[in-house]
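Residues per chain, in single letters:
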Amino acid sequence: MARRTILRAGRVVDPVTGVDETADVFVEDGRIVAPWSGGGDAEELVCAGLVIAPGLVDLHTHLREPGFEHKETIESGTRAAALGGYTAVAAMANSEPVADHAGVIHEVRDLAAAAGLCDVFPVGAITKGLEGESLAEIGEMVGAGVRMFSDDGRCVPTARLLRNALVYAKAFDEVVIAEHCEDASLAEGGQMHEGYHSSSLGLRGQPAEAEEIVVARDLAIARLTGSRIHLCHLSSARSVELVRRAKREGVRVTAEVTPHHLVLTDEDLLTYDTNRKVNPPLRSADDRDALRTGVADGTIDAIATDHAPHAIEEKEAEFDQAPPGTIGLETALAAVLTELVEPGILTLPRALEALSSAPARILGAGDHGGPIEPGRPANLVVFDPAVTWLVEAPFASKSRNSAFLGRRLVGRVVHTMLRGELSVVDGKATR
Ligand SMILES: [Zn+2]
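Residues numbered from 1 in each chain as written. Predicted model: local features only at pLDDT ≥ 70, side-chain atom pairs only at ≥ 80, totals over all residues. Heavy atoms only, no water.

(A) Here's a closer look at the layout of surface pockets. One number sums up the size of the largest pocket: a volume of about 710 Å³. Lining the largest pocket are 33 residues, with G153, H180, E182, N279 and P324 positioned closest to its centre. Its residues assigned to classes, the lining of the largest pocket comprises 12 nonpolar, 12 polar and nine charged. Taken as a whole, the second largest pocket encloses approximately 290 Å³ of empty space. Contributing elements (two or more residues each) for the lining of the second largest pocket: α12 (332-341), β16 (380-390) and β17 (408-418). Counted by class, the lining of the second largest pocket contains 12 nonpolar, four polar and three charged residues. (1 Å grid on protein atoms, 1.4 Å probe; cavity = no way out; pocket = protein on both sides within 12 Å on 5 of 7 lines; lining within 4 Å. Points joined across faces, edges and corners; volume = space filled by probe spheres on them. Nonpolar A, V, L, I, M, F, W, Y, C, P; charged D, E, K, R; others polar. Helix = DSSP H or I, 4+ residues; strand = E, 2+ residues; numbered from the N terminus.)

(B) Expanded view of the pairing of strand β6 (residues 56-61). Extensive coverage of β6 is indicated by the burial of six of its six residues. Across four bridges, β6 lies against strand β7 (residues 86-91) in parallel orientation. Of the residues in β7, the one forming a bridge with D58 is V89. In the classification by handedness, the crossover that spans β6, the intervening helix α1 (residues 74-83) and the parallel β7 is right-handed. (Buried < 20%, exposed > 50% of the residue type's maximum accessible area, 1.4 Å probe, protein only. Pairing = 2+ DSSP bridges. Right-handed = clockwise from strand over helix to strand, strands pointing away.)

(C) Spotlight on the side chain of H260. By secondary structure assignment, the location of H260 is in helix α9 (residues 259-263). Every residue in contact with H260, bar those within four places of it in the chain, is listed here: V278, L282, T305, D306, T326 and F404. (Contact = heavy atoms within 4.5 Å.)

(D) Fine view of the environment of L333. With respect to the helices and strands, L333 occurs in helix α12. Separated by 76 residues in sequence, L333 and L409 place their C-alpha atoms 9.6 Å apart. Setting aside its immediate chain neighbours within four residues, L333 contacts L56, G84, L352, L355, F383 and V413.

(E) Here's a closer look at the pattern of salt bridges. Scanning all chains against the criterion turns up 22 salt bridges. The closest approach of N and O atoms between R8 and E44, which form a salt bridge, is 3.0 Å. Of this pair, R8 sits in strand β1 (residues 4-13) while E44 is found in strand β4 (residues 43-46), placing the two residues 36 residues apart along the sequence. For E249, the salt bridge identified is with R223, shortest N-O distance 2.6 Å. A residue pair is termed long-range when its members are at least 10 positions apart, and E249 in the loop between α8 (237-248) and β14 (253-257) and R223 in helix α7 (residues 209-225) qualify at 26 residues. Residues participating in the shared-partner salt-bridge network are R4, E28 and D41. (Salt bridge = Lys/Arg side-chain N within 4 Å of Asp/Glu carboxyl O.)

Printed below as a string of structure tokens:
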């Protein structure tokens, strides 16, 4: 017998079609279908007062498995993702072993399938072992279905190597190279953004130019090769302006920003909170405001978490010893709703586009990101846009290093549906 679910009387917001109306969504055997008459045997979820949207898609998740299971596992990370409203995440390649050949790609995908909570799109490394010397087995990984390649955590060190990677990737239509923009020589030793606050706190600074130099270089090489490039976690106002100009000139560039760079600034480090030590660092209020404008006008395509779990004892170290990174999957939607949609910086459809349909398009995750139409796979999130909650441990993530710890946020996921199966019901994971 067909498995049927009705999401009853929710506010359907579809950033792809522009639909924003109260409606029922009918799901049968994993797909959205046209309304049928009569209720029959269908499971019914009352969604009055709730928003129904395409499931969120994260371009930038560190799941840590294989190799760093004390920080996160694929099971715990995908559970956190489902609870955050995600139906697909791109898992970065800096595991141990590095995902620089098809074997690790298959391992990650198999572990994700066994957990069954969220689709995982493994990202392949650009260079062998992330060492920045020779290209990884890109062709073999494309054959295994990989669509995004990144040495994230490290920057492709030379323009020549980046050019080789972009030319090689261009042979595969749907493949994108994603860059962690950071000039290592300039960033080295930097604990936070270089500016007034780094001086007053006595911490070594990392200037915004460390990012901007690489953004400019990569845009030039993308122009030269005609290839697609995706720029990860932009943090500076000048980076946004460089991308804006390059897009105008027809360079095939997309970009992402994290919720923490959209919300926090270097001033939020006055308490030496290691959970707010991130890479790239939180920058000035002017930078944050330019990032907000960039998302609003589409210069920055996507909001991505850079979910980076670290064990408690690692983050309890002195500020200059603690590893950079914050978890983000369970708070991204609420942070965006609270700090960007509520104050009117982003419309709700634009926020959902940046969290769902835009990243799905960049990643080539065609089953995700809407539209919410008959025949489409039922990958959906249902959230309460009005409920207030306190960000506190425990998390579904194995780690608790959240930059938003202790904050009150508005908006919370109620249900997440992956191909018609509920991965989250009433705010609880189903497995
Ligand atoms: Zn990175």
